[in-house]
Amino acid sequence: MKLKIAIQKSGRLHEDSIKLLKECGIDINNGVNKLKTEASNFPLEVFFLRDDDIPQYVEDGVADIGMVGENVVLEKNRQVQEVEKLGFGKCRLSVAVSKTVEYTGVQDLAGLRIATSYPVIVEQFLQKNNVQAEIHEISGSVEIAPGIGLADAICDLVSSGSTLFMNGLKEAEVILKSQAVLIANKGLDAAQQQVLNKLLFRIQAVKKARNNKYILLNAPNNKLDEIIRLLPGMKSPTVLPLAEEGWSSVHSVLNENDFWDIIESLKAAGAQGILVVPIEKMII
Ligand SMILES: Nc1ncnc2c1ncn2[C@@H]1O[C@H](COP(=O)(O)OP(=O)(O)OP(=O)(O)O)[C@@H](O)[C@H]1O
Ligand SMILES: O=P(O)(O)OC[C@H]1O[C@H](OP(=O)(O)OP(=O)(O)O)[C@H](O)[C@@H]1O
Ligand SMILES: [Mg+2]
């Protein structure tokens, strides 16, 4: 039995999806223009598809699982389960208006024509806020719609904001924060669930490793207590004596988010020769 996974054929999520599978130790041969391939060392068959089609294929069981943006999952509104956030493809779905108009709040959207490729999500947002506006569905190049007189506002994906900026628009409302997620068919059998669990275990180990760094430093023994207090570690830091009398080497694991703050405190506390090393996999 092989589990069938759908990933984006080309576009924003393609490379990161493949990279994640590879970091999970799964060898896939993704030759150019291939629509289907099999992993050589894991019971996985990979389908390369348009991202818009992935929720439906997973609902229908044509694919058992898929990697796709939460924005697409919500827009397509298919019966699938979200099993894991994948940590890439981070963006937001926002309403934007011309930078020349004054925007004071969601009621300002009343009566406007909003161009978007996300009519379902925008409709839900308008209803929730009791605002009546006209949705104009277009499939791409949404940001030029106001400039060519097609709409008064848009709703599209934003990450750096440069596309909005280049089109003379400003972000008015963030409707959704999105990232790529792993979705699964709701009726997986026990054998399929078992393969999915195996894959999930690996994905979680890769995600944890990406969020953490291994740190090694030297410290004078009289500063050890203070330095150890600064370090969380997986259990507690490893402390080894150095050849030089009165010094120790301290090893620990730091989360990416508090990383720089902790490094500064460590230096201030007397740590020297600090080395920071990426972690490949992390299993707690
Ligand atoms: N600027 C961005 N930064 C980060 N993630 C993004 C960005 N734009 C889109 N994404 C995420 O990547 C997904 C795929 O975006 P892409 O632009 O490749 O889609 P597409 O053109 O619809 O592709 P397809 O040809 O598969 O239909 C989006 O649904 C979203 O989840
Ligand atoms: O805020 P920014 O960093 O500028 O990113 C936002 C842009 O990125 C996406 O398009 P993409 O570049 O994937 O091209 P597409 O229109 O072909 O999907 C999205 O549709 C926006 O247009
Ligand atoms: Mg698409």
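Read on for an overview of the structure. All values derive from a computational prediction rather than experimental measurement.

Thresholds, definitions, all that
- Residues numbered from 1 in each chain as written.
- Chains lettered and ligands numbered in written order.
- Predicted model: local features only at pLDDT ≥ 70, side-chain atom pairs only at ≥ 80, totals over all residues.
- Helix = DSSP H or I, 4+ residues; strand = E, 2+ residues; numbered from the N terminus.
- Buried ≥ 20, exposed ≤ 12 C-beta atoms within 10 Å, placed from the backbone.
- Expected span 1.5 Å × (residues − 1).
- Arc of directions from axis to C-beta.
- Contact = placed C-beta atoms within 7 Å.
- Pairing = 2+ DSSP bridges.
- Axes fitted to C-alpha atoms, helices over the stretch in contact; angles between N-to-C directions.

Examining the environment of Ser117
Move 1: Its place among the elements puts Ser117 in the loop between strand 7 (113-116) and helix 4 (119-128).
Move 2: On the basis of neighbour counts, which here come to 21 C-beta atoms within 10 Å, the residue Ser117 falls in the buried class.
Move 3: The sequence separation of Ser117 and Lys177 amounts to 60 residues, and the corresponding C-alpha distance is 16 Å.

Thoughts on helix 6 (residues 190-210)
Move 1: An ideal rise of 1.5 Å per residue puts 30 Å on 21 residues; helix 6 measures up with 30 Å between its terminal C-alpha atoms.
Move 2: Buried residues of helix 6: Gln192, Leu196, Leu199, Ile203 and Val206, and no others. Along the axis of helix 6, the buried positions cluster into a sector of 85°, meaning they face one direction only. Along helix 6, exposed side chains directed more than 90 degrees from the buried face belong to Ala190, Asn197 and Phe201.
Move 3: For helix 6, the secondary structure elements touched by its buried residues are strand 1 (3-8), helix 1 (14-23), strand 4 (65-69), strand 5 (80-85) and strand 11 (180-185).

Here we look at the pairing of strand 1
Move 1: Counting buried positions over the six residues of strand 1 gives six, a clear majority of the element.
Move 2: Two elements, strand 1 and strand 3 (residues 44-49), share six bridges in a ladder whose sense is parallel. Within strand 3, the residue paired with Gln8 across the bridge is Leu49.
Move 3: Where strand 1 meets strand 4, two bridges bridge the pair, whose relative direction is parallel. Residue Ala6 lies in a different strand from strand 4, and its bridge partner there is Gly66.

Regarding the sheet that holds strand 12 (residues 212-220)
Move 1: Read from one edge to the other, the open sheet built from four strands follows the order 13-14-12-15, with strand pairing classed as antiparallel. Two strands close off the open sheet at either side, each with one partner strand: strand 13 (238-241) and strand 15 (272-278). On average, each strand axis in the sheet is inclined to that of its neighbour by 20°, with strand direction left out of account.
Move 2: The sheet contact formed by strand 12 and strand 14 (residues 247-255) spans nine bridges and is antiparallel. If you follow Lys213 over to strand 14, its bridge partner there is Leu254.
Move 3: On the sheet, helix 8 (residues 259-268) packs against strand 12, strand 14 and strand 15 and is oriented at approximately 165° with respect to strand 14.

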